[in-house]
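Commentary on secondary and tertiary structure
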Amino acid sequence: MKILEFEKDSPEWLEARQTVITGTRVKEIKPLARKGKTGTQPMGLWKLIAEYVSYGAEEDSPMVRGTRLEAENAEKTIEKFKLKKPKYDTGMLWESDNGLLGYSPDGCEDKPEPTWVVECKSLNTAEHLYLILADKFAKGELPDELEPLFPPRPGMYRGIDSVAEEHQHQVRQAFVVNPKLKKLYYSLYDPRVVIDSLKHYTIVVERGELEEDIENQKEMAESQAILARTIAKMLANLDKVK
């Protein structure tokens, strides 16, 4: 056994803990008893993997990092797919004709009814790597031996299934609000990753693969919006009842 001494919480202390399974991390890396959305392995394992293939400790929250890197992220996807007439987010809000629903793109085609949009995400490095490799596995680009790390391959590949679960409603909302939208580019970017091919990655979601999902979400969201307005009007009339 070696004893290393540092000032607690110093950059040196934090760096020394990278890639090391400390007492507080054991529970995080323990294999799962049953298969979940990350297969039989926990996200804690991906955090450990991330420390091997990235530099420095993560300091920004994903939201702060996403805002800081948004323009660079969108530009990389627009250049990669040679998308025409790009417009970057300047505080845009798409609103449905009835004014009930909305969506804010990070980048899109510069026309009244854009046919493509970019949704940018700069997540923590563990989730960034997991989403990329899970998408590659779903496409059949990774060997079957890695199956324990991921959910079972779908019968038919859909980009929406590779989007982080917490972002899937957001992605569908773009198609709900804009009936002319054909493709959404879910753009992942983490410049901390030292493997160039994994720094930036794009998952393409196409309208044709989720028509039923779009309609279901539209009905649900409009119903909830109407319910909220109805309750708000009722509350506004409370004082009149007295």
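Above: the structure in question.
Here is a short report on the structure shown in this document. Model, not experiment: these values are computed from the prediction.

Scoring rules and cut-offs
Residues numbered from 1 in each chain as written. Predicted model: local features only at pLDDT ≥ 70, side-chain atom pairs only at ≥ 80, totals over all residues. Heavy atoms only, no water. Core = buried A, V, L, I, M, F, W, Y, C linked by side-chain atoms within 4.5 Å. Buried < 20%, exposed > 50% of the residue type's maximum accessible area, 1.4 Å probe, protein only. Helix = DSSP H or I, 4+ residues; strand = E, 2+ residues; numbered from the N terminus. Contact = heavy atoms within 4.5 Å. Phe/Tyr/Trp six-rings, centres within 6.5 Å; stacked < 30°, edge-to-face > 60°. Lys NZ or Arg CZ within 6 Å of the ring centre and 35° of its normal. Axes fitted to C-alpha atoms, helices over the stretch in contact; angles between N-to-C directions. Parallel < 35°, antiparallel > 145°, perpendicular 65-115°, else oblique. Salt bridge = Lys/Arg side-chain N within 4 Å of Asp/Glu carboxyl O. Pairing = 2+ DSSP bridges. Lys, Arg positive; Asp, Glu negative; His and termini not counted. Polar contact = N/O pair within 3.5 Å; in protein donor to acceptor, adjacent residues only side chain to side chain.

Notes on the nonpolar core
If you look at the biggest cluster of nonpolar residues, it comprises 41 residues, and the most contacted ones within it are W46, V117, F150, V171, L184, Y186 and V205. At the level of elements, α3 (43-52), α5 (125-138), α7 (168-177), β6 (183-189), β7 (200-206) and α9 (211-236) are the ones that each hand at least two residues to this core. At 8 residues, α5 tops the list of elements feeding residues into this core. Those residues in contact with W46 that lie beyond four places of it in its chain are A126, L129, Y130, L133, L149 and F150. Judged by nonpolar contacts, the second largest core, of 7 residues, contains I78, L83, W116 and V118.

Considering the packing of aromatic side chains
Applying the stated criterion across every chain, the model contains 6 aromatic pairs. When the centroid spacing of 6.0 Å and the interplanar angle of 40° are considered together, the rings of W46 and F150 count as tilted. Taken as a pair, W46 in helix α3 and F150 in the loop between α5 and α6 (159-162) lie far apart in primary sequence, 104 residues in all. With a relative accessible area of 1%, F150 lands in the buried category. Pairwise contacts between aromatic rings join W46, Y130, F137 and F150 into one cluster. If you follow K80 out to its NZ or CZ, it ends over the ring of Y201, 5.8 Å from the centre. Note that R153 overlies the ring of F137, its terminal NZ or CZ placed 3.9 Å from the centroid.

Some words on α7
Most of α7 is tucked away, with 8 of its 10 residues classed as buried. Taken residue by residue, α7 has Q168, V171, R172, Q173, A174, F175, V176 and V177 as its buried positions.

Brief notes about the packing of α7 against α9
Put simply, α7 and α9 touch, their axes get as near as 9 Å, and they point 90° apart. Here α9 runs roughly perpendicular to α7, going by the angle between their axes. Within the contact between the two elements, α7 uses H169, R172, Q173, F175 and V176 and α9 uses D213, I214, Q217 and K218.

Structural notes on the environment of Y88
Residue position: Y88 is located in strand β1 (residues 86-88). What Y88 contacts, discounting residues up to four positions off in sequence, is A71, A74, E75, I78, D106 and G107.

Notes on the pattern of salt bridges
Applying the stated criterion across every chain yields a total of 9 salt bridges. Here K121 and E119 are joined by a salt bridge, their closest N and O atoms 3.5 Å apart. With respect to class, K121 is no different from E119; both count as buried. When the shortest N-O distance is used, the salt bridge between R158 and D213 registers 3.1 Å. Residue R158 is located in the loop between α5 and α6, and its partner D213 is located in helix α9; the two are separated by 55 residues in the primary sequence. Members of the salt-bridge network, linked through shared partners, are R158, D161 and D213.

Side note on the pairing of strand β5 (residues 116-121)
The element β5 is extensively covered by neighbouring structure, given that 6 of its 6 residues are classed as buried. Here β5 shows no split at all, with W116, V118 and C120 on one side and V117, E119 and K121 on the other all buried. Examined bridge by bridge, strand β4 (residues 107-109) and β5 share 2 bridges and lie antiparallel to one another. The partner of C108 across the bridge, within β5, is V117. Hairpin connection between β4 and β5: a loop of 6 residues separates the two successive antiparallel strands. Where β5 lies against β6, 6 bridges are found, and the strand directions are parallel.

Concerning the side chain of E109
Looking at where E109 falls in the secondary structure, it is placed in strand β4. In this structure, E109 is buried with no salt-bridge partner, the nearest side chain bearing the opposite charge being K111 at 4.0 Å. Among the polar contacts made by the side chain of E109, one reaches the side chain of T115 at a distance of 2.6 Å. Those residues in contact with E109 that sit more than four places away from it in its chain are K84, K85, P114, T115 and W116.

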